[in-house]
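In case you want the letters, here they are:
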Amino acid sequence: MTVSPYDALARFPGGRLRPIDWTTLATVAADIGGEIGLARGGGVLVRAADGEPVPSSALVAAGLPPAVADHRLPHVLASPMAGRLDGHHDLADLPERLCAELLGRVETPVPRRSLVVGLDDGSGDVLTHAPDLAAVSSGPGRAVRVHGPGRPEGTDVAALDAPRVLADMADALLSGSDAARGNAVPDAPHAPVPAAVGIPRVGWIDTTDGLVSLLAVVPHGVVPARLAGFLGAVERPSTVSADRVIGLHGLTEDMAEQVVRVLAPMGMIFDASSPWVTGSA
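A brief structural summary. (Residues numbered from 1 in each chain as written. Predicted model: local features only at pLDDT ≥ 70, side-chain atom pairs only at ≥ 80, totals over all residues. Heavy atoms only, no water.)

Now for the packing of helix 4 (residues 94-103) against helix 5 (residues 162-175). Running from N to C, helix 4 and helix 5 point in directions that differ by 50°, and their axes come no closer than 9 Å. The orientation of helix 4 relative to helix 5 falls into the category oblique. When the axes of helix 4 and helix 5 are compared, the crossing they make is right-handed. Residue-level inspection shows Leu94, Arg97, Leu98, Glu101 and Leu102 of helix 4 in contact with helix 5, the latter providing Ala162, Pro163, Arg164, Leu166, Ala167 and Ala170. (Axes fitted to C-alpha atoms, helices over the stretch in contact; angles between N-to-C directions. Helix = DSSP H or I, 4+ residues; strand = E, 2+ residues; numbered from the N terminus. Parallel < 35°, antiparallel > 145°, perpendicular 65-115°, else oblique. Left-handed = near helix turned anticlockwise from the far one by under 90°. Contact = heavy atoms within 4.5 Å.)

Shown next as structure tokens:
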């Protein structure tokens, strides 16, 4: 049976994975002699040895959260270093609240899987991927800047209202109604779009909380089952960005040194000058 890319792609809200998610992906891939692929623009899929992707519904049956296979969710991208570096404002639970808002709209079960919604921490790292809709944090307790079709400069809304506003915009955009698109965002003072960042930074990142984030890529965006198992064993929050960069966060220096020693020989690339990072591979 042929599985479509839409039906195979597991979409994690904001690219945030729990350790158990990696463990589940590793188990499924190992059982079929396959591997895990990181999709550009967000998303994870498991391929069998013959290249056939595993349906995301089967991944849910194996233990992933049901939301990752729900077609009512768009691709929700989020800045992986949000709240971890100066100038990268904390997004808190905005990805989870947005997904809950979208899934709670049972009266409008329209598939939103073709949309890309970006949640940017103010650094521009998500806006650079030109999402269909976006919200940009301007700092703790401050308004969130929402970007939509026809409003590239952004419009400020209360942070508490951002999930509802984005969900309204998503539904309006998919409805094809020009009037709905125009009314989806309330009028408010405009603010400038932050400058886009370039090549995704990888390597050892000292974070503002005194801990370490490790960012790495894997050749061809492929994570072998054994490597995925080790990512789960680290037991720390992780992210997968739209650039297919894997982040492990909240590590002590000793933990980070051990992770690099173990995972670098298994194929994870922490060197920012690597051709796999610069795009010259």
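Structure shown, so let's carry the discussion forward.
Ranked by internal contacts, the top residues of the largest apolar core, which has 36 residues, are Trp22, Leu25, Val223, Ile246, Leu263 and Met268. The leading source of residues in this core is helix 2 (residues 19-31), at five residues. Those residues in contact with Leu25, other than ones at most four positions away along the chain, are Phe12, Leu17, Ile36, Val44, Val46, Leu59 and Leu64. Among the nonpolar cores identified, the runner-up in size contains 23 residues, and Leu98, Val117, Val157 and Ala162 belong to it. (Core = buried A, V, L, I, M, F, W, Y, C linked by side-chain atoms within 4.5 Å. Buried < 20%, exposed > 50% of the residue type's maximum accessible area, 1.4 Å probe, protein only.)

On to the sheet that holds strand 12 (residues 238-240), then. In sheet architecture, strand pairing relies on hydrogen bonds along the backbone and comes in two forms, parallel and antiparallel. Taken in spatial order, the five strands of this open sheet run 1-12-13-10-9, and their pairing is antiparallel. The outermost strands of the open sheet, each flanked by one partner alone, are strand 1 (16-17) and strand 9 (203-206). Here strand 10 (residues 212-216) runs beside strand 13 (residues 246-251); their pairing, made up of four bridges, is antiparallel. By the bridge assignment, Leu214 is partnered in strand 13 with Leu248. (Pairing = 2+ DSSP bridges.)

Geometric descriptors of this kind do not, in isolation, establish any biological role.
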